[in-house]
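Residue-level listing of the chains:
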Amino acid sequence: SRGHANTASRGFDLLDSLMNHIRNDYLEVRDPVETAEGTFRGLVNSLDPLSAYLSPSLLEAYAAPRTGRETGPGISVLKRYAAFPQIAAVVEGSPAEEVGLEPGDLVSAIDGANTLSMSLTEVKLLLAGGDERPVDIRVLRGNDTHDYNVPRTVLFPEPFAFERAQGRPARLRVHRFEAGLASRLEREVVPALKGRQGGLALDLRGCQDGSLDEAVRVANLFAKAAVAGRFEGRGGAKETVSCPAEAALGAVPLVVWTDAGTLGPAELAAGILQELGRAKVVGFKTAGLVGRSKLIPLKDDSAILLTSGIFSLPSGRKLWDDGIVPDAAIPFDQLDEKTYFERTIALLPKL
């Protein structure tokens, strides 16, 4: 509308005026590139948790090919603008667990850089690495501050792990929804599950990375639906998400595990399976960050990530902000494997 356009124009005029005053009237001469970068970062990072300003160095790290040999300290984080990142989950046996990092800790600095104005993407890029060089992490825990020098290690060389044990359901743990995951599962896991009694736990705890499209393909291994949901973009544009193939594991009793570190593609797969009545969800409520992002390069070799669409299930329930509410909730201080299996075994006969 004309009123909206006029408001936007006034906003950009104000921004331009602000930059001029900083350049001409501030008591010190500031580097215009640094001043502009700070403005861009604040403007973009404040939009939503998935939008981000990427400096040239961050863009290089973001665009680097993923090989599965990336390293990290072993934590999943949540981040809202103007708040410190919070550790949502710690990988069992990881360097982070060994040094004493805990779920709920607030990460106030990474390698000496204050995290308050960072985006979630920037935090994840700074925590990750290509070698085992330690990362310095400062956390706030209650009224105390703790400094940790945490080694990085290759956490998950494979995108999934499948295990079967006597007397309990099989477990398929997905670490990342990388391209080709559904095809690999069809070759390597489906034959082992067909006709198996006892059901399956699809473990998505701490899973944040990968492709939304691949998450849909994995969900399609368990459920078939012409409409599994929709991505809603600017101006009300909608893109239908479908699970069109016959579900290879459509008859296998299924429970999905979530925790506070289950984000993005993992939320999408869990939400579809819950919505279609194909699975019960056990664990902790998720944050609700299922959105498509668009990478837009800028002239100075930096870039911005902008959220271009958010996901809704066929019922109209959004997996944005609201997240997934488990059918069987587990308190934050009881999210151990034993409790997950107990809740899963209790649910499977009812599916």
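Because the structure is predicted, anything quoted here is derived from the model rather than measured.

### With respect to the overall build of the protein
Of the regular secondary structure elements, the protein holds ten helices and 21 strands. Per-residue burial for the protein yields a buried fraction of 44% across its 351 residues. Taking the intrachain contacts of the protein between residues at least 6 apart in sequence as the baseline, contacts between residues at least 24 apart amount to 68%. Entry remark: accessible area of the protein is about 17,400 Å², with carbon and sulfur atoms responsible for 52%.

### Here's the deal with the environment of Arg176
Structurally, Arg176 is set in strand 12 (residues 176-177). What makes Arg176 buried here is its relative accessible area of 16%. In this structure the C-alpha to C-alpha distance between Arg176 and Ala215, which are 39 residues apart in sequence, comes to 9.2 Å. Looking at Arg176, its side chain comes within polar contact range of the main-chain oxygen of Phe156, at 2.7 Å.

### Regarding the nonpolar core
Counting residues in each nonpolar core, the largest one holds 44 residues, and the members touching the most others are Phe177, Leu202, Phe222, Ile272, Leu273 and Phe311. For this core, the element with the most residues is helix 9 (residues 265-275), which contributes six residues. Ignoring sequence-local partners within four residues, the contact set of Phe311 consists of Ala228, Gly229, Arg230, Phe231, Val241, Leu268, Ile272, Val290, Arg317, Lys318, Leu319 and Trp320. Counting 23 residues, the second largest nonpolar core, distinct from the first, contains Val77, Ile110, Ala287 and Trp320.

### A word on the pattern of salt bridges
All chains considered together, the criterion is met by 24 salt bridges. Arg171 is paired through a salt bridge with Glu337; the nearest N and O atoms lie 3.1 Å apart. Here Arg171, found in strand 11 (residues 170-174), pairs with Glu337, found in helix 10 (residues 337-347); they are 166 residues apart in sequence, far enough to count as distant. By relative accessible area, Arg171 is classed as buried at 9%. Overall, Glu337 belongs to the partly exposed group, its relative accessible area being 29%. Across the pair Asp213 and Arg292 runs a salt bridge, and its minimum N-O distance is 3.2 Å.

### Digging into helix 10
Within helix 10 the residues assigned to the buried category are Thr339, Tyr340, Phe341, Thr344 and Leu347. Those residues of helix 10 that are buried lie in contact with strand 11, strand 13 (200-203), strand 17 (254-258), strand 18 (280-283) and strand 21 (328-329).

### Brief notes about the pairing of strand 18
Here strand 17 pairs with strand 18 via four bridges, running parallel. Bridge pairing in strand 18 places Trp257 opposite Val282. Handedness of the strand 17-helix 9-strand 18 crossover: right-handed. Pairing of strand 18 with strand 21 involves two bridges; the strand directions are parallel. The residue bridging Val282 from the neighbouring strand is Ala328, located in strand 21.

### Examining helix 8 (residues 212-220)
In terms of burial, helix 8 is largely enclosed, as seven of its nine residues are buried. Within the sequence span of helix 8, burial applies to Leu212, Glu214, Ala215, Val216, Val218, Ala219 and Asn220. Here helix 8 starts with a cap whose side-chain oxygen sits 3.1 Å from the backbone nitrogen of Asp213, and that cap is Ser211.

### Focus on the environment of Ala329
Here Ala329 shows up in strand 21. C-alpha of Ala329 to C-alpha of Phe284: the two residues are 45 residues apart in sequence and 5.7 Å apart in space. When near neighbours in sequence (up to four residues on either side) are disregarded, Ala329 contacts Gly283 and Arg343.

### Description of the sheet that holds strand 13
What the six strands build is an open sheet, ordered 10-11-13-17-18-21; its pairing is mixed. In the strand order of this sheet, the two ends are held by strand 10 (160-163) and strand 21, each with one partner. With four bridges connecting them, strand 13 and strand 17 associate as parallel partners. Bridge pairing in strand 17 places Asp203 opposite Trp257. Sheet strands in contact with helix 6 (residues 181-188) are strand 10 and strand 11, and its direction is about 20° off that of strand 10. Packing of helix 9 onto the sheet brings it into contact with strand 13, strand 17 and strand 18, and relative to strand 17 it is tilted by some 140°.

### A few points about the side chain of Arg152
Relative to the helices and strands, Arg152 resides in the loop between strand 8 (144-150) and strand 9 (153-154). Among buried Asp, Glu, Lys and Arg side chains, Arg152 stands out as unpaired, with Asp111 the closest opposite charge at 4.4 Å. Reaching out from Arg152, the side chain makes a polar contact with the backbone oxygen of Leu126 at a distance of 2.9 Å. A distance of 3.4 Å separates a polar side-chain atom of Arg152 from the backbone oxygen of Ala128.

Scoring rules and cut-offs
- Residues numbered from 1 in each chain as written.
- Predicted model: local features only at pLDDT ≥ 70, side-chain atom pairs only at ≥ 80, totals over all residues.
- Heavy atoms only, no water.
- Helix = DSSP H or I, 4+ residues; strand = E, 2+ residues; numbered from the N terminus.
- Buried < 20%, exposed > 50% of the residue type's maximum accessible area, 1.4 Å probe, protein only.
- Contact = heavy atoms within 4.5 Å.
- Areas by Shrake-Rupley, 256 points an atom, 1.4 Å probe, with all protein chains shown as cover.
- Polar contact = N/O pair within 3.5 Å; in protein donor to acceptor, adjacent residues only side chain to side chain.
- Core = buried A, V, L, I, M, F, W, Y, C linked by side-chain atoms within 4.5 Å.
- Salt bridge = Lys/Arg side-chain N within 4 Å of Asp/Glu carboxyl O.
- Pairing = 2+ DSSP bridges.
- Right-handed = clockwise from strand over helix to strand, strands pointing away.
- Axes fitted to C-alpha atoms, helices over the stretch in contact; angles between N-to-C directions.
- Lys, Arg positive; Asp, Glu negative; His and termini not counted.

Treat this as a map of the structure, not an account of what it does.
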